[in-house]
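# Geometric and topological summary
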Amino acid sequence: MKFALRGTTLAFRADPFTVAPDAAIDCNDDGAVIIEHGRIVAVGPAVATLAAHPSIRIESYPGHLIMAGFVDCHIHFPQTEVIASYGKQLIDWLNTYTFPAELKFADAAYAGRMAEVFLDEVLRNGTTTVCAYCSVHPQSVDALFAAAEKRGMAIAAGKVLMDRNAPAGLLDTAPRGYAESKELLERWHGRGRATYAISPRFAPTSTPAQLDAAATLWREHPDALMQTHVSENLKEIAWVKALFPDARDYVDVYERCGLLGPGAILGHAIHLKPREIKALRKSGAAIAHCPTSNTFIGSGLFDLKGLRASDAPIPVGLATDVGGGSSFSMFATMRSAYEIAQLRGHPLHPAQSYWLATLGSARAMRLDHRIGNLAVGYDADIIVLDLASRPLLTERMRHAKDIWDVLFAQMILADDRAVKTVYVAGRDVSVPK
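As a starting point, this report considers the structure included with it. (Residues numbered from 1 in each chain as written. Predicted model: local features only at pLDDT ≥ 70, side-chain atom pairs only at ≥ 80, totals over all residues. Heavy atoms only, no water.)

### Considering the sheet that holds strand 2 (residues 25-36)
- If you trace the seven strands from one edge of the open sheet to the other, you get 3-2-1-4-14-15-16, paired in mixed fashion. The open sheet has two free edges, formed respectively by strand 3 (39-45) and strand 16 (427-428), since each of these has just one partner strand.
- Running at roughly 70 degrees to strand 2, helix 16 (residues 403-413) makes contact with strand 1 (2-12), strand 2, strand 4 (57-68) and strand 14 (382-386) of the sheet. (Pairing = 2+ DSSP bridges. Helix = DSSP H or I, 4+ residues; strand = E, 2+ residues; numbered from the N terminus. Contact = heavy atoms within 4.5 Å. Axes fitted to C-alpha atoms, helices over the stretch in contact; angles between N-to-C directions.)

Structure below.
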């Protein structure tokens, strides 16, 4: 079926970390997007674009912004139920909230119910793609992929690998973790819009044997993703040093076993040393910036400017990190990223914020050729934002000077009420508020 969306359209032409903001975007105050068979086939000024496609059904959204759906490159599906729990430091958080919640996912029925809750909340907030950690239980992975397939969503996910330093009910072994991950990967990777993410949780909960097994699986399936955590918390870093005394640093734990490279997404990366930054730049691995989590759990302030501003910028995407992260909303996440950048003395331009929340995360997931932009040939994962979703925003929009004023105000003041309509592969999948 072929149809059009009409309203203010926003697309990216280039990375706003490498070009001026105005050169990075293509914005039409009165624009149109033509969708056919789940793909974008035309974008441009409404009058000319619609004239080239006569007799087409048009869904008009005056006063609304039409853009690519948000992309969240680091989120924990089983932690949905513990979001907004009393904040503690990382290790306490895992033991007090995360591990007890994840034990429940041994029950396939529970995992199935929570997959519905999780994806409804994701879509309610205008996020159309996630890269998610499941629990150690294979049934949690099956539940999430099945729920996403039903909705037509492009997601990445994987079974968490842990063979030490966790409750007995959450532990596998290096051979069993490899075998279960391989079976899940072969069942889901490339099926419809699914991508498998090999998922050793982080170095403290995996023995060297398990990290080696994860690397072996990745070498066997190099088009899969690999996700883990690095340098989130100072006590965590000291723990890793004690567990891996021969490693030069935290990044080296992954580097020496072959878990760095394009398609690797490392969450947090707050306290990196110069050698680690150099190794990440050389490897092509990406970082998931998780600002609401970093502040909520008190981990530290991410150095976005230092990691992106160079001749060899490290790919960085934006992520909620629910449930350590305090919101499913990418507006809240962009707002927190802006505040962290301010505290580090480097204001984050709205062009950069929205790029990180769409194409930046898609690039980290190696999906930026398909999702994350309002451009011809891309999957029609699109959100329509009500620019006057609250009385205060209605007043604020009356005084907006340009598109940057509009986008910044939305970033600071909007929430899920701004998400008017969500399209996944061209199909309206909006979730009631």
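### Points about the environment of His399
- Here His399 lies in the loop between helix 15 (391-398) and helix 16.
- For the pair His399 and Gly263, spaced 136 residues apart in the sequence, the C-alpha separation amounts to 43 Å.
- Side-chain polar atoms of His399 contact the side chain of Glu395, separated by 2.8 Å. (Polar contact = N/O pair within 3.5 Å; in protein donor to acceptor, adjacent residues only side chain to side chain.)

### Description of the state of the cysteines
- Taken as a whole and judged by the stated rule, the model has zero disulfides.
- Between Cys73, a cysteine without a disulfide, and Cys290, which holds the nearest cysteine sulfur, the sulfur-to-sulfur distance is 6.8 Å.
- A residue is classified by how much of its surface remains accessible, and Cys73, at 0% relative accessible area, is buried.
- Cys134 takes part in no disulfide bond, and the closest cysteine sulfur, belonging to Cys131, lies 9.7 Å away.
- For Cys134, a relative accessible area of 0% puts it in the buried group. (Disulfide = S-S within 2.5 Å. Buried < 20%, exposed > 50% of the residue type's maximum accessible area, 1.4 Å probe, protein only.)

### A word on the packing of helix 9 (residues 250-257) against helix 10 (residues 274-283)
- The contact between helix 9 and helix 10 brings their axes to 9 Å, and the two run at 35 degrees. The interaxial crossing formed by helix 9 with helix 10 has left-handed handedness. Together, Tyr250, Val251, Asp252 and Glu255 of helix 9 and Arg275, Glu276, Ala279 and Leu280 of helix 10 make up the contact between the two elements.
- Its residues assigned to classes, the contact of helix 9 with helix 10 shows four nonpolar, no polar and four charged. (Left-handed = near helix turned anticlockwise from the far one by under 90°. Nonpolar A, V, L, I, M, F, W, Y, C, P; charged D, E, K, R; others polar.)

### As for the packing of aromatic side chains
- A full pass over the atoms with the stated rule returns 11 aromatic pairs.
- With 6.0 Å between their ring centres and 65 degrees between their planes, Phe17 and Trp355 make a pair best called edge-to-face. Taken together, the residues Phe17 in the loop between strand 1 and helix 1 (21-24) and Trp355 in helix 14 (residues 350-364) connect sequence positions 338 residues apart.
- Residue classification places Trp355 among the buried residues on the basis of a relative accessible area of 2%.
- Taken together, the ring pairs in this structure connect Phe77, Phe105, Tyr110, Phe118 and Phe328 into an aromatic cluster.
- Of note, Arg308 hangs over the ring of Phe17, and the distance from its end group to the ring centre comes to 4.8 Å. (Phe/Tyr/Trp six-rings, centres within 6.5 Å; stacked < 30°, edge-to-face > 60°. Lys NZ or Arg CZ within 6 Å of the ring centre and 35° of its normal.)

### Side note on helix 13 (residues 330-343)
- For helix 13, built from 14 residues, the straight-helix expectation of 20 Å at 1.5 Å per residue is met to within 8% by its first-to-last C-alpha distance of 20 Å.
- Counting buried residues along helix 13, 10 of its 14 residues qualify, which places the element largely inside the surrounding structure.
- Among the residues making up helix 13, those that are buried are Met330, Phe331, Ala332, Thr333, Met334, Ser336, Ala337, Tyr338, Ile340 and Ala341.
- A side-chain oxygen of the first residue of helix 13 lies 3.1 Å from the backbone nitrogen of Phe331; this N-cap is Ser329.
- Just past helix 13, the residue Gly345 takes up positive phi, approximately 85 degrees. (Expected span 1.5 Å × (residues − 1).)

### Observations regarding the side chain of Ser283
- Secondary-structure assignment places Ser283 in helix 10.
- Within the structure, Ser283 has its side chain in polar contact with the backbone oxygen of Leu280 (distance 3.0 Å).
- Within the structure, the side chain of Ser283 is placed 3.0 Å from the backbone nitrogen of Ala285, a separation counted as a polar contact.
- Look past the residues within four positions of Ser283 in its chain and what remains in contact with it is Leu260, Gly261 and Pro262.

### Some words on the pattern of salt bridges
- According to the stated counting rule, one finds 31 salt bridges in the structure shown.
- Salt bridges sharing common partners tie together Arg248, Asp249, Asp252, Glu255, Arg256 and Arg275. (Salt bridge = Lys/Arg side-chain N within 4 Å of Asp/Glu carboxyl O.)

### Some points on the nonpolar core
- Ranked by internal contacts, the top residues of the largest apolar core, which has 129 residues, are Leu144, Ile198, Tyr254 and Ile382.
- A total of eight residues in this core trace back to one element, the largest contributor, which is helix 4 (residues 108-124).
- For Leu144, the residues in contact, after removing those within four places along its chain, are Phe77, Ala115, Phe118, Leu119, Ala132, Cys134, Ile155 and Ala157.
- Val71, Cys73, Ala156 and Cys290 belong to the second largest nonpolar core, which has 14 residues in total. (Core = buried A, V, L, I, M, F, W, Y, C linked by side-chain atoms within 4.5 Å.)

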